[in-house]
Every structure is written in C-alpha cells, then in structure tokens.
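# Coordinate analysis (summary)
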Amino acid sequence: MVYEATATAPVNIAVIKYWGKRDTKLILPTNSSLSVTLDQDHLRSTTTSRADAAFEAGDRLWLNGKEESIKEGGRLWTCIKELRGWRAAEEAKDAAKPKISTFPLRIASYNNFPTAAGLASSASGLAALVASLAALYELPQSPSDLSRIARQGSGSACRSLFGGYVAWQEGVEADGSDSLAVEVAPREHWPDLHSLICVVSDAKKGTSSTAGMQQTVQTSPLLQARLKVVPQRMTDISKAILDKDFDTFAKITMADSNQFHAVCLDTQPPIFYLNDVSRGVIALVEELNRAHLEATGHLLAAYTFDAGPNAVIYAPEANIATVVAAVNKYFPQAEAFPDPFKVGTAAALPAGFNE
Ligand code: DP6
C-alpha cells in the first residue's frame, strides 16, 4: 500500500522584515516579523510526499524536478525527522495506525511561478513540504505547531503555513517552542489590498539571506536600534491591517523596508541588495504618494524590497492602474509578467520518485 499526500503553500512577502537570528540551529529570530501572502492561485509551491515500504532505504527529495540531497543534520533532514517523530508518537498511541513512519519517503516539490519572477521560493517550498508530510502522516497538530517545524527549514517559511496576513512571533523560550506563526487576519478580511511584483532582475542574489543576516548580527550597530523599534511597528501594522488603514500600513511598510536595507549597508562588509532601478522605483512611488497625498489626503502605494532588487508594491485596487501606468512610463523596458505556468502535481513527479 502506498501512502501519498499533496499540499500547496503560498509565497509570502514581509512588510516587517525578519533579519537576524539569535539561534542559528533552531532558527530563532532577533525580531518578530509580519507578512502578506501573495495570491495563492498564481504563486505557490505544491509538494507531493509518498511513503512506501517497498522504496529503497533512505528518503529522497526533488525541487522543480532536480534531486536535492537531504544532508544529515541539515534543514530538510530536521523538518522530516521532526514530523516523522510526531507520526511515530501517534502510532505508539494507537496500534491500529499503520507504521508508515518507518517507510522511506519520496518528496517532489514544484513552484508554479517561473524562476524569472525573481521571487525566493524557499518559504513557500518548505511550507508546502511540511504541509504535505503533515497530511501524509495525518498529524493532529495545528498550523501554528507546524510553523515551528517549517521555521527550522527556513525562517520565513513559517509564515507560509497561513494565508492572508501573518505574524511570526519571535518568542522568548530557548527551545523555540513559542517562536511560531499566527494569523493576524485572513485574506478575505482586506480583499482591496493588491500587490504588484516589479522584476528588476531575475539573477540570483550575491549574498544569501542566511549568510547576510548573520553578518549583520555580528557587525551592525544599527541593528540594535532597529530591534528597539520593531515591537511598536508590529503592534501598529497589525492594527492598521485590522482597521484596513492603508496609509498607516504603507508608511510602516516603506519605513521597515528602508530600515532593513540601511542595516544591510551598515553591515561589514556592506551588503547591497537594491540597485539603481530599485532606487528609481522608490523615488517614483514616493513622488506618486506626495502628489496623491496633496490631492486626496491619502497615500497611493507602498513599496517593499527583500534581499534582492525586485520591488513588491502594495496598493488599494483602485490605485493599481495608476501605479502600472507610471511604472510603464518611467521604466519603458519593463516587461509584462509572463502568465505563471501551472504545474500538475501527480503528473509531474520526477524520474526515480517511485524507486
Ligand atoms: C529579507 O527565511 O530566507 O526575505 O531563515 O536563513 O532561511 P533563513 O532566511 P530566510 O530570510 C528571509 C529574509 C527576508 C525577510 C523576510 O522574509 O522576513
């Protein structure tokens, strides 16, 4: 008998950035963070996990069709080990449960967005992996419980266990038991908020988030100042989301993105994620906001940048056309985002998956 489950998880983009670990093994952050989940229909990872006693010994995993090694003690290994342990505990409680925790696993994960979207896929990918194993093992744990496992795969992945607006609470416990994701509001709460991805470059970033944030922790005095202001921002932006207050949401989002990049610049050696085009997008949105504020008393849009040059712009639906027109006018070389290709799940399982 083959046991199989498929799960999907969305891409999330932080508006309060996670940047720095206080524990690199357990992936415990130096500050809480908050993200907005992007449209699941277009941007998500889908993972199929299968357990079968007939498989050759050892777990195997493919990402977008390419086999990745599961290194002992590594992040993937840790996530699988934890979930398998939870399944084994359920089997020990109930003799009727088949002992599938002992079976080798085959795991295949796909992103339905092109690499050219310039988006990091680790968050949605790790979250989909955890969700698919939780489904395969029929685990009773809640999404927040599962987020503690996803966190150990990649910090930002814990926020992709939920849709909508999600906070990763840093927690205080040394074992990470309270460092988990919680839903601030479901997606339906504020359907008017739209996002736009401006792909400035699809090249792989020079400094990975994992390496960059630890350089910052070790060398940036400015990070200490940042850690003092984040708690208030978490409170204020959560309230802005609950109140659907775009002006406050936008102000905090842009301030936090700029502070995150300032902290990168304050790192030794300095880390540059933004390029001239990114700065051009910032100048454009700032100018649009200035004019809109004068005319209407409200902001038009908010930008945010992760560990790379690509902009994510948030705006109320009614403002999106203005933002797109301005981006097309000032960045005429901009190409329309290609239709994300849809990937079937079972049909796309890689060679070797059933061995
Ligand atoms: C700038 O989650 O990729 O996107 O925990 O080392 O895997 P690791 O780092 P990762 O870092 C994400 C950094 C960020 C901000 C954010 O998503 O909060």
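Predicted, not measured: the structure shown is a model, and the values here were computed from it.

## Some words on the nonpolar core
Residues L34, Y165, I241, F246, F249, I313 and Y314 are the most contacted members of the largest nonpolar core, which totals 50 residues. With residues near it in sequence (within four places) discarded, L34 still touches A14, V15, I16, V166, A167, V184, M234, I237, S238 and I241. Membership of the second largest hydrophobic core comes to 43 residues, among which are A9, A51, F162 and I271.

## Details of the packing of helix α1 (residues 75-93) against helix α2 (residues 122-136)
Closest axis-to-axis distance for the α1/α2 pair is 10 Å, and the angle between their directions is 20 degrees. One way to sum up the angle between α1 and α2 is to call them roughly parallel. The two elements α1 and α2 meet at a crossing, and its hand is right-handed. The residues of α2 that touch α1, namely those facing L76, C79, I80 and L83, are L126, L129, V130 and L133. A class-by-class count of the residues in the contact of α1 with α2 yields eight nonpolar, no polar and no charged.

## Some words on the pattern of salt bridges
Following the criterion strictly, the structure yields 15 salt bridges and no others. Note that E4 and R50 form a salt bridge whose closest N and O atoms lie 2.4 Å from each other. Of this pair, E4 sits in strand β1 (residues 3-10) while R50 sits in strand β6 (residues 44-51); the two residues are 46 residues apart in sequence, bridging distant segments of the chain. Judged by its relative accessible area of 13%, R50 falls in the buried class. E287 is paired through a salt bridge with R290; the nearest N and O atoms lie 2.7 Å apart. Placement of both E287 and R290 in helix α7 (residues 276-296) is noted, with a separation of three residues, approximately one turn of the helix. Residue class for E287 comes out partly exposed when judged on its relative accessible area of 40%. Salt bridges here are not isolated pairs; linked through shared partners, they connect R60, E67 and E355.

## Overview of the side chain of S257
The topology assignment puts S257 in helix α6 (residues 246-265). A residue is classified by how much of its surface remains accessible, and S257, at 0% relative accessible area, is buried. From its side chain, S257 meets the backbone nitrogen of F305 in a polar contact 3.1 Å long. Residues in contact with S257, not counting those within four places in the same chain, are K17, Y303, T304 and F305.

## As for the pairing of strand β14 (residues 311-316)
Where burial is concerned, most of β14 is hidden: six out of the six residues are buried. Here β14 shows two buried faces, one formed by A311, I313 and A315 and the other by V312, Y314 and P316. The pairing of strand β12 (residues 193-198) with β14 spans six bridges and is antiparallel. Following the sheet pairing, S195 is matched in β14 by Y314. Hairpin connection of strand β13 (residues 302-305) to β14: five residues between the antiparallel strands.

## What to know about helix α5 (residues 221-243)
Here α5 spans 34 Å end to end across 23 residues, near enough to the 33 Å set by a 1.5 Å rise per residue. V229 marks where α5 bends most, by close to 30 degrees; the proline P231 follows one to four residues later. Every buried residue of α5 is accounted for by L223, R226, V230, R233, M234, I237, S238, A240 and I241. Buried-residue contacts for α5 involve β2 (12-16), β5 (33-37), β10 (165-169), β11 (180-185), α4 (209-219) and α6. The N-cap residue of α5 is S220: its side-chain oxygen and the backbone nitrogen of L222 are 3.2 Å apart.

## Points about the site of the ligand
Of all residues adjacent to the ligand, which total 17 residues, the nearest are Y18, K21, R75, S154 and S156. A distance of 2.7 Å separates an oxygen atom of the ligand from a polar side-chain atom of S154. The contact in question runs from an oxygen atom of the ligand to an N or O atom on the side chain of R159, over 2.8 Å. Among the elements that take part in the shell around the ligand, α4 stands out by supplying three residues, more than any other. Looking at the shell around the ligand, its residues break down into seven nonpolar, five polar and five charged.

## Remarks on the confidence of the model for the protein
Looking at the protein, the pLDDT average stands at 92 and 93% of residues meet or exceed 70. Predicted confidence for residues 338-347 stays below pLDDT 50, and this span has 17 contacts to residues more than four positions away or in other chains. What the predictor reports for the complex is a pTM of 0.94 with an ipTM of 0.99.

The rules we used
- Residues numbered from 1 in each chain as written.
- Predicted model: local features only at pLDDT ≥ 70, side-chain atom pairs only at ≥ 80, totals over all residues.
- Heavy atoms only, no water.
- Core = buried A, V, L, I, M, F, W, Y, C linked by side-chain atoms within 4.5 Å.
- Buried < 20%, exposed > 50% of the residue type's maximum accessible area, 1.4 Å probe, protein only.
- Contact = heavy atoms within 4.5 Å.
- Axes fitted to C-alpha atoms, helices over the stretch in contact; angles between N-to-C directions.
- Helix = DSSP H or I, 4+ residues; strand = E, 2+ residues; numbered from the N terminus.
- Parallel < 35°, antiparallel > 145°, perpendicular 65-115°, else oblique.
- Left-handed = near helix turned anticlockwise from the far one by under 90°.
- Nonpolar A, V, L, I, M, F, W, Y, C, P; charged D, E, K, R; others polar.
- Salt bridge = Lys/Arg side-chain N within 4 Å of Asp/Glu carboxyl O.
- Polar contact = N/O pair within 3.5 Å; in protein donor to acceptor, adjacent residues only side chain to side chain.
- Pairing = 2+ DSSP bridges.
- Expected span 1.5 Å × (residues − 1).
- Bend = angle between axes of the 7 residues up to and from the residue.
- Near = heavy atom within 4 Å.
- pLDDT = per-residue confidence, 0-100.

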